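Fold and contact review
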Amino acid sequence: MISGNAIFNLITAPVAKALGWKAMMWLLVITAVLALVSWLLISTWLPEKN
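Fair warning: this is a prediction, and the values are worked out from it, not measured in the lab.

As for the overall build of the protein chain
Summing up its helical and strand segments, the protein chain has two helices and zero strands in all. For the protein chain, the C-alpha radius of gyration of 15 Å lies well beyond 10 Å, the compact-globule estimate for 50 residues. In the protein chain, which comprises 50 residues, the share counted as buried stands at 2%. When the accessible area of the protein chain is evaluated, it comes to approximately 4800 Å², of which 75% is carbon and sulfur surface.

Points about the environment of Val 33
Within the fold, Val 33 resides in helix 2 (residues 21-45). Judged by its relative accessible area of 46%, Val 33 is partly exposed. With 21 residues separating them along the chain, Val 33 and Thr 12 place their C-alpha atoms 18 Å apart.

Thresholds, definitions, all that
- Residues numbered from 1 in each chain as written.
- Predicted model: local features only at pLDDT ≥ 70, side-chain atom pairs only at ≥ 80, totals over all residues.
- Heavy atoms only, no water.
- Helix = DSSP H or I, 4+ residues; strand = E, 2+ residues; numbered from the N terminus.
- Rg over C-alpha atoms; globule rule 2.2 N^0.38 Å.
- Buried < 20%, exposed > 50% of the residue type's maximum accessible area, 1.4 Å probe, protein only.
- Areas by Shrake-Rupley, 256 points an atom, 1.4 Å probe, with all protein chains shown as cover.

Okay, here's the thing in structure tokens:
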């Protein structure tokens, strides 16, 4: 998690500078939505452990 956070922090400023702060905010929203959808799909396919 620390590595992912560090990488994302490194790309935030260049993306915001190149595309604008609104594009950076959309990138943050899309990343969170993709993570949520992936988690929901994977959690439905995995068998439950008792």
